[in-house]
Every structure is written in structure tokens, then in C-alpha cells.
Amino acid sequence: MKFVYDTISCDVELYFNDHDTVVRFYDKQREQHEDEIINLVHVDPGHGYFCLKYKGKDAALLSGFLDESFFNSDEIVQAAINFIENVLPDTKNRYVPYHISRIRKTSFSEYNGEY
């Protein structure tokens, strides 16, 4: 599945847990293949995640974080929210307040399985 806005696009995966949904925005071209994972430490985190938590029949909460180097304007964040409403049509008739953080990657931590 693809998210497209203006001149940019990225791949999207949906993960379902009961009635809740996690949405992952990423670049399929940067995904590691099975033969590359043997000694891999660095894993591309993608462009961000949304978590949609359903609260009864009439409401849901949308939270998440998006990499500001990709989601670099309020308009593209709103387009991503609209995309979720189109992909998950049962959100259209619900009250869905949201809190989305745009983050800047500054560093990372690695663990290679040894202490």
C-alpha cells in the first residue's frame, strides 16, 4: 500500500490487534532482505508510526510520531491522517482526536546481543 501526497510517496503497512491498528510509514527500497539480516545491527526505522485506539462505538484516539525530514509540514501530516481515514473507513463516523509528534532523529542506540 502507498501513501502519496503531492510529489512524495512512501510505503505503508497496517498491523491489527483486536480493534486497534498500528500504521507504519516506510520506504520498501530501504528494507533489509533476509540474506542481509545475518550480522545486521542498523535497521531503518522508517518514517514513523500511527496508533489508532478504538474507544467504544463512537470514538477512537490517534497518536504517533513522524520523522520531520519526511513529514516536513502540517499539510503532509494532515494528508497522512486523511489517508488513515480513507484506508480504515470505520473511522469516518467516529470522533477521532489526535496527537501526532514530528520528531527529528539525532542519534541512535545499538545492541548486538552481547553484554
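The residue numbering used here restarts from 1 in each chain and proceeds along that chain's sequence as written. Reporting in this predicted model follows two pLDDT cut-offs: at least 70 for local features of residues, and 80 or more for side-chain atom pairs to be given and counted; totals over whole chains, interfaces and linings ignore these cut-offs and use all residues. To get the side-chain values, all heavy atoms of the structure are used, and hydrogens and water are removed first.

Turning our eyes to something else, we now look at helix α1 (residues 74-87). Here a strand is any run of E in DSSP of at least two residues, a helix any run of H or I of at least four, and the numbering for each starts at the N terminus. A helix's residues, less one, multiplied by 1.5 Å, set its expected span. Here α1 is 14 residues long and its end C-alpha atoms lie 20 Å apart, about the 20 Å a rise of 1.5 Å per residue gives. Only protein chains enter the accessibility calculation, which uses a 1.4 Å probe. A residue is then buried if its area is under 20% of the maximum for its type, exposed if over 50%, and partly exposed in between. Every buried residue of α1 is listed here: Ile76, Val77, Ala79, Ala80, Ile81, Phe83 and Ile84. Should any heavy atoms of two residues lie within 4.5 Å, those residues are counted as being in contact. The inward-facing, buried residues of α1 abut β1 (2-5), β2 (8-17), β3 (20-26), β4 (48-55), β5 (59-67) and β6 (98-103).

Centres within 6.5 Å are what make two rings of Phe, Tyr or Trp a pair, Trp counting through its six-membered ring; a difference in plane orientation under 30 degrees is then read as stacked, over 60 as edge-to-face, and the rest as tilted. Tallied over the full model, the rule gives seven aromatic pairs. Members of the aromatic cluster, joined through ring pairs, are Phe3, Phe25, Phe50, Phe70, Phe71 and Phe83. For a lysine, the NZ atom is tested; for an arginine, the CZ atom; a charge sits over a ring if that atom is within 6 Å of the ring centre and within 35 degrees of the ring normal. Positioned above the aromatic ring of Tyr26, the side-chain terminus of Arg24 is 4.1 Å from the ring centre.

A few words on the sheet that holds β2. What links the strands of a sheet is backbone hydrogen bonding, and the strands pair in either a parallel or an antiparallel sense. By this definition, two strands are paired if DSSP reports at least two bridges between them. Pairing is mixed in the open sheet, where six strands are placed in the order β1-β2-β3-β4-β5-β6. Strand pairing shows two members of the sheet lacking a second neighbour, β1 and β6, which therefore form its edges. Between one strand axis and the next, the sheet turns by 20° as a mean value, whatever way the strands run. Direction of pairing for β1 relative to β2: antiparallel, over a ladder of four bridges. From the neighbouring strand, Val4 faces β2, where its bridge partner is Ser9. Between the N-to-C directions of two axes lies an angle of 0 to 180 degrees, each axis being a line fitted to C-alpha atoms and, for a helix, fitted only over the stretch in contact. Where α1 meets the sheet, its contacts fall on β1, β2, β3, β4, β5 and β6, and the angle it forms with β1 comes to roughly 140°.

Below, the discussion takes up the nonpolar core. Phe3, Phe25, Phe50 and Phe71 are the most contacted members of the largest nonpolar core, which has 23 residues in total. Per-element tally for this core: the top contributor is α1, with seven residues. Discounting residues that sit within four places of it in the chain, Phe50 has contacts with Thr21, Val22, Val23, Phe25, Leu62, Ser63, Gly64, Leu66, Ala80, Ile81, Ile84 and Ile100. We call a set of buried Ala, Val, Leu, Ile, Met, Phe, Trp, Tyr and Cys residues a nonpolar core when their side-chain atoms join them within 4.5 Å.

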